[in-house]
Amino acid sequence: MNARIEKLCRMLEMRTHARFRTRQRYALNLSRQTAREPIIVRKALALARQLSDMPIYIQDDELIVGGRTVFAFTHYLTAAEKADAIPLEKEGYDYVFNRVYNHCQDERGWGSVEGICPGHAQVLSQGLAGIKQMAQDRLIKRRATDSTGRDFYRAVIITCDATVAFARRYARQAFRLQTQTRDPRRKQELAAIARICRRVPEYSPRTFHEALQSVWFIHMITWLEGHYLVPLGRLDQVVRPYYQADRRQGRLTDAQALELLECLWIKLNADADMTHTAIPGDTGQTLTLGGRDAGGLDQTNAVSYLALQATAEIRKSEPQLIVRMHARTPDDFLHQAAALSIGGLGMPLFCNDDAILPMLEQDGYRPTDAADYALGGCWEITVHGKANDRTNSGRVNFLRALEWALNNGRSFRPGLARGLPTGDCRRFKTLAQLKAALKQQIIYYIDTIAANCNRARFAPAPFLSATTEDCLAKGRDLADGGARYNNTGLLSSGLANTVDALIAIDQLVYREKRLTLPELLAIVLKDFKGHEALRQQILNRLPKFGNGIPAVDRLANELAGVFIRETRRRRNQRGGHFRPMLASASDFVSSVSKLGASADGRLSGRAFGSNFSPAPGNDQTGPTAVVDSAAAVDQKRASMGAVLDLRFHPSAVQGAKGLATLATLIRVYFERQGLQVQFNVVDDRVLRAAQQNPADYQNLLVRVYGFSTTFVALEKDLQDQIIARTAHGV
Amino acid sequence: MTAANIRGMVFDIRRFSVHDGPGIRTTVFLKGCPLRCRWCHNPESFEPNPTLFFYRQRCLGCGVCVQSCPRQAIIAPGIISAKRCRRCGHCAAICPAKALVLIGKRLTIAAVMREVVKDRPFYDRSGGGLTVSGGEPLMQPAFTAGLLQAARARRIHTALDTSGYAAADSWQRVLAWTDTLLFDLKCGDPVKHRALTGVSNRRILENLKLSLRVPQLEIVIRIPVIPGLNDSPGEMLKIRRILNRLGGVFTVDLLPYNVLAAAKYRLGNFPAYALNRLRPPPAETLARLRRCFSDYPVFIGGNR
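All figures in this text were calculated on a predicted structure; none of them were measured in a lab.

**A few points about the confidence of the model for chain A**
Per-residue pLDDT for chain A has a mean of 92; in total, 97% of the residues score no lower than 70. Within the model, the stretch residues 89–94 of chain A combines pLDDT values under 50 with eleven contacts to residues more than four positions away or in other chains.

**Observations concerning the sheet that holds strand β10 (residues 676–681) of chain A**
Two strands in a sheet stick together by hydrogen bonds in their backbones, pointing the same way (parallel) or opposite ways (antiparallel). All names here are of chain A. Taken together, the eight strands give an open sheet; going across it, the order is β1-β2-β3-β10-β9-β8-β7-β6, and neighbouring strands pair in mixed fashion. Looking at the sheet topology across the chains shown, the edges are occupied by β1 (286–290) and β6 (390–397). Ignoring which end each strand starts from, the neighbouring axes of this sheet average 25° apart. Against the sheet, helix α17 (residues 398–406) makes contact with β6 and β7 (488–493), and its axis sits at roughly 35° relative to β6, the strand it touches most.

**Side note on the interface of chain B and chain A**
Contact with chain B, which involves 24 residues of that partner, is made by 25 residues of chain A. For the pair chain B and chain A, the summed buried area comes to about 2100 Å², and 57% of that belongs to carbon and sulfur atoms. Three residues stand out in chain B for area buried against chain A, namely F16(B), F122(B) and R125(B), and they jointly supply 32% of the buried area on that side. At the boundary of chain B with chain A, the tally comes to two salt bridges. At the boundary of chain B with chain A, the tally comes to 13 residue pairs in polar contact (both at pLDDT 80 or more). Where the side of chain B that touches chain A is concerned, the elements lending two or more residues are β1 (7–17), α2 (90–94) and α4 (120–126) of chain B. A per-element tally of the side of chain B that touches chain A places α4(B) first, with four residues. Considered class by class, the residues forming the side of chain B that touches chain A number 13 nonpolar, five polar and six charged.

**Concerning the side chain of Q678(A)**
All names here are of chain A. Assignment of secondary structure puts Q678 in strand β10. Here the side chain of Q678 touches D645 through a polar contact of 2.7 Å, side chain to side chain. With residues near it in sequence (within four places) discarded, Q678 still touches P348, L349, N611, V643, L644, D645, L646, R703, Y705 and G706.

**Structural notes on helix α24 (residues 550–569) of chain A**
Its 20 residues give α24(A) an end-to-end C-alpha distance of 28 Å, which sits within 8% of 28 Å, the value for a rise of 1.5 Å per residue. Every buried residue belonging to α24(A) is among V552(A), D553(A), L555(A), A556(A), L559(A), A560(A), G561(A), V562(A), F563(A), I564(A), E566(A) and T567(A), and all of these are buried.

**Some details on the environment of G376(A)**
Residue and element names in this part refer to chain A. Assignment of secondary structure puts G376 in the loop between β4 (374–375) and β5 (381–382). Sequence-wise, G376 and T391 are 15 residues apart; in three dimensions their C-alpha atoms are separated by 7.4 Å. Setting aside chain neighbours within four positions, we find G376 in contact with G115, P231, G284, T286, T382 and H384.

**As for the sheet that holds strand β11 (residues 218–225) of chain B**
Residue and element names in this part refer to chain B. Taken together, the nine strands give an open sheet; going across it, the order is β7-β1-β2-β8-β9-β10-β11-β12-β13, and neighbouring strands pair in mixed fashion. Each end of this open sheet is capped by a strand with a single partner; those strands are β7 (105–108) and β13 (298–300). For this sheet, the mean angle separating the axes of adjacent strands, direction not counted, is 30°. The pairing of β11 with strand β12 (residues 250–256) spans seven bridges and is classified as parallel. Along β12, the bridge assignment pairs V225 with P256. Where helix α5 (residues 141–153) meets the sheet, it contacts β1, β2 (25–30), β7, β8 (129–133) and β9 (157–162), and its direction lies at approximately 175° from that of β8. Where helix α9 (residues 233–246) meets the sheet, its contacts fall on β11 and β12, and the angle it forms with β12 comes to roughly 160°.

**Overview of the packing of aromatic side chains**
Residues and elements named next belong to chain A. Inspection of every chain in the model, using the stated rule, returns 27 aromatic pairs over all chains. The interplanar angle of 35° and the centroid separation of 4.2 Å between the aromatic rings of Y365 and Y485 together place this pair among those described as tilted. Within this pair, whereas Y365 is found in the loop between α15 (353–362) and α16 (367–371), its partner Y485 is found in the loop between α20 (469–474) and β7, the two being separated by 120 residues in sequence. Owing to a relative accessible area of 2%, Y365 belongs among the buried residues under this scheme.

**Things to note about the packing of helix α18 (residues 431–453) of chain A against helix α21 (residues 495–511) of chain A**
A pair of packed helices is characterised by two quantities: the angle between their axes and the separation of those axes. Residue and element names in this part refer to chain A. Here α18 crosses α21 at 150°, and the two axes come no closer than 10 Å. Taken as axis vectors, α18 and α21 run roughly antiparallel relative to one another. Considering only the axes of α18 and α21, their crossing is right-handed. Between α18 and α21, the contacting residues are L431, L434, K435 and L438 on the first element and T498, L502, I505, D506 and Y510 on the second. Per-class residue counts for the contact of α18 with α21 are six nonpolar, one polar and two charged.

**A word on the pattern of salt bridges**
Residue and element names in this part refer to chain A. Counted under the stated rule, the structure contains 63 salt bridges over all chains. Here R21 makes a salt bridge to D271, at a shortest N to O gap of 3.8 Å. Pair noted here: R21 is in the loop between α1 (3–14) and α2 (32–35) and D271 is in the loop between α12 (254–270) and β1, with a separation of 250 residues, a long-range link. We classify R21 as partly exposed; its relative accessible area is 23%. Through salt bridges that share partners, R4, R185, R186, E189 and E259 make up one connected network.

**Comments concerning the packing of helix α13 (residues 302–314) of chain A against helix α14 (residues 331–345) of chain A**
Residues and elements named next belong to chain A. Close contact between α13 and α14 brings their axes to 10 Å; oriented N to C, the two are set at 15°. If you check the angle between α13 and α14, you find them roughly parallel. Viewed along their axes, α13 and α14 form a crossing whose handedness is left-handed. Seen from α13, the contacting residues are S304, Y305, L308, Q309, T311 and A312; seen from α14, they are D332, F333, Q336, A337, L340 and L345.

**Points about the pairing of β7(A)**
Every regular strand shows the same layout, with side chains that alternate between the two sheet faces. Residue and element names in this part refer to chain A. With six of six residues buried, β7 is to be regarded as a mostly interior element. Residues T488, L490 and S492 of β7 are buried on one face, and the alternating residues G489, L491 and S493, pointing to the opposite face, are buried as well. Bridge count between β7 and strand β8 (residues 578–582): three bridges; the pairing is parallel. For L490, the partnering residue across the bridge sits in β8 and is P580.

**Considerations on the environment of S493(A)**
All names here are of chain A. With respect to the helices, strands and loops of the structure, S493 is situated in strand β7. C-alpha separation for the pair S493 and Q24, spaced 469 residues apart in sequence, amounts to 39 Å. When near neighbours in sequence (up to four residues on either side) are disregarded, S493 contacts V396, N397, F398, L399, S584, D587 and F608.

**A closer look at the nonpolar core**
Soluble globular proteins tend to pack their nonpolar side chains together in the buried interior. W265(A), F350(A), W379(A) and F648(A) are the most contacted members of the largest nonpolar core, which totals 229 residues. The biggest single contributor to this core is helix α7 (residues 147–180) of chain A, with 14 residues. Not counting residues up to four positions away in its chain, the partners in contact with F648(A) are P623(A), V653(A), L662(A), L665(A), F679(A), N680(A), V681(A), V682(A), A727(A), H728(A) and F16(B).

**A closer look at the pairing of β9(B)**
All names here are of chain B. With five of six residues buried, β9 lies mostly within the body of the structure. In this sheet, β9 lies alongside β8 in parallel orientation, the contact comprising four bridges. Each bridged residue has a counterpart across the sheet, and for G129 the counterpart in β9 is H157. For the crossover that starts at β8, traverses α5 and ends in the parallel β9, the hand is right-handed. In this structure, β9 lies alongside strand β10 (residues 180–184), joined through four bridges in parallel fashion. From the neighbouring strand, L160 faces β10, where its bridge partner is L181. The parallel pair β9 and β10 is bridged by helix α6 (residues 168–175), and the resulting crossover is right-handed.

Cut-offs applied
Residues numbered from 1 in each chain as written. Chains lettered and ligands numbered in written order. Predicted model: local features only at pLDDT ≥ 70, side-chain atom pairs only at ≥ 80, totals over all residues. Heavy atoms only, no water. pLDDT = per-residue confidence, 0-100. Contact = heavy atoms within 4.5 Å. Pairing = 2+ DSSP bridges. Helix = DSSP H or I, 4+ residues; strand = E, 2+ residues; numbered from the N terminus. Axes fitted to C-alpha atoms, helices over the stretch in contact; angles between N-to-C directions. Buried area = accessible area lost by both parts, 1.4 Å probe. Salt bridge = Lys/Arg side-chain N within 4 Å of Asp/Glu carboxyl O. Polar contact = N/O pair within 3.5 Å; in protein donor to acceptor, adjacent residues only side chain to side chain. Nonpolar A, V, L, I, M, F, W, Y, C, P; charged D, E, K, R; others polar. Expected span 1.5 Å × (residues − 1). Buried < 20%, exposed > 50% of the residue type's maximum accessible area, 1.4 Å probe, protein only. Phe/Tyr/Trp six-rings, centres within 6.5 Å; stacked < 30°, edge-to-face > 60°. Parallel < 35°, antiparallel > 145°, perpendicular 65-115°, else oblique. Left-handed = near helix turned anticlockwise from the far one by under 90°. Core = buried A, V, L, I, M, F, W, Y, C linked by side-chain atoms within 4.5 Å. Right-handed = clockwise from strand over helix to strand, strands pointing away.

Next comes the structure, spelled out in structure tokens:
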């Protein structure tokens, strides 16, 4: 890290950029004339208004410039539109079956397009001028026939113009500062910044620096348009040509390239707090590195390595690095990536190309598109610039389905949504009968959520659509089916605990016959009060998922299989289908207040396993056994992602051997067709000390469910859940 | 009786061992040890027979153990008559909270190998394999040799973690199936060695000499660094002189004293732990001691 980056990091920690922010909320002047405009045009005008009025700033030593200074979105809806709201369900129903419209809703409850990366490659290769030109050409052609297309292209042109004007504001600001500064070096830098901001994103960049500045403008304006979770896609692939050209011409050293990447990283961290998520750090600013092409050729390049190095030096949570791996990923790249995990950054999340590419093709993605996949907000497998996959539209909680199956369709806690009346649990004479009821409940759950997801409506996204190839070709907004792929993702949670609970029921009720199912149910409903010995017996003596026990792992595979199969069969309202995830998002902590105890010995109100990882503390046979269990769950069709969390004590992965050890675990898991894995390497004692003295641990990062974040910024229940996870190798 | 049916007394099989030899390994811990090193962190390995552990914090006080004991050896939860208890394990089998745990199981070689082969893909990628440790594995030479042989027959790398205290014929028999020898050297002086471990180091050094004749055997000298007992450069130089005299190819592991040892002594019927207030050696000490072995590759903590 050089002196400039050190200084910028200090400024970041002091949050010097925040003083330029304003609380003002801009409103579009809905004069009679504007009010008559179609909604998509008004949305574009609202963005343009924001871009022309929002405060701008350039701080000392910055090389990449720009930042969001307003958080609130510009109003653009008419009174009549505001009345066209999607009715909200009553609390119980809404909670269990999810707020499907997701975050970032407008006043009508219409969602934003989320988890989608703008088509940086498209913008870099054509420039916004090229995109605008294309829109104008189409506009002339379509004027007479297609009003939707006409509105769309008009909106595209408005956002392109507004963005170029916005960059010009920065060019003028840089020029102004340049005339004021006396430092000759900074004078030169500012002159360059002014030149760059006049060039991009209007035109195709000529240098690596211009490419990164263009990416940053497009990224921050995507946030401003009101999208939630904005990934960066495969940045190492997108900017590679500019890096290579600069290097060939001798215009750029690796140290300079690294410095520029670090400047971008600092920008990503500066605005990371401006997001609508409940959990700090859940920004969705993923950046996917490495991988292979459709023919199997490795795509890892110098920028991929520099990106890892930038994160290693800055040690901040943004961008959330993702590493695509395949059989021929270079070992030194894997080791450099593993060093980040071992260094306690909680990143990267590793993905298995060799399993994911065929899976996406099976799911209807063209081979070249599949090979170009990158992740959405956390782990969601999608193709940026091509797809509007509504990644996290709903969630199925296996533990709730089990409550319904045991309790004739009723949740354990009163006042919550019901499942199917599958009968009193006295009826279940065998485990098979109970499982049959559970499967019915899972299917009912999926049906209800899918129907709910299909009622969702989305606010237009003219700027994001302008960067998307297919939208431009079709003349359709992303929210209006403009993308090539329009699928919907369903999350799942509580798998491990549900499996453990079924195993406990099987053992106690059907094998040992120590008590009847209604008796056990009564004990669980009472939260095991007065039955601590039984609970301890369940916790300590019965087999659990995560220990490589074939019978248990088969059951996990069976339940996951029901969810995966049934989800994939369902169509969504946008011409696509549903894609399942063995990933929980925040559900493993956020839904616990609505769940009772479970037969695996988990008391009510306690968190369960994140993603499809073993329940916290239940994986007692070491990480290789966890890999056995996870690999026994067939993930070949869990097409939007399947995430395994592993936690290590730092002593288990020290030094050069530690790198090789972690690399081995990843390679073996991926050879066995595991999809995705991520690591926490942190000592319990450090986490507890951080809970006691948060001020001393401001820089301690942990992996939560799909992102890295500052440990001390988390709520206590999430902190406790991370401490409760087994730290392997103590 | 075929080799696979030979039984041994095993007190733990730990997958994902990364400190006992190269790569990712599975370590099989055998029970019984002729030494009584004052710092030992595995007191449950002392006796060749099963040992009963009692974890007081886990105990619910439910009393099922009192009723389950066929010899009325448990007077009340946690109060066990050492005289009457025959370590039959009835109480441990029934204790819901695992507060009572019977340490030590008689397992066949075949049963142990079923566990060991599970991690084969991890061994193959990381250069790991099987480590037989203890206790002192040479207390059960036929079982140890059988295990190592079975692993080698499956092309799994073998390591033996030993004090070197063994009869010469058992020693040679076991080494024939060993790829990496993790050889403990605690102290260079025979008299002091007896004071620290209960036995002289004469036979140990003879065995080390014998091991030099085994072809293609990698030898790692492991030295526990115990503050106040053997952490002086003088002690280390004595060990180095021994190594120099033997003239073999060695690498050296310096293993800093493990503080977690004391807690285990409270779980079973053991003599009081002698080193209660000991802290692990500071990094500077380890760095200084490392310099004593300048002619050998040295690793700290067994991480290689």
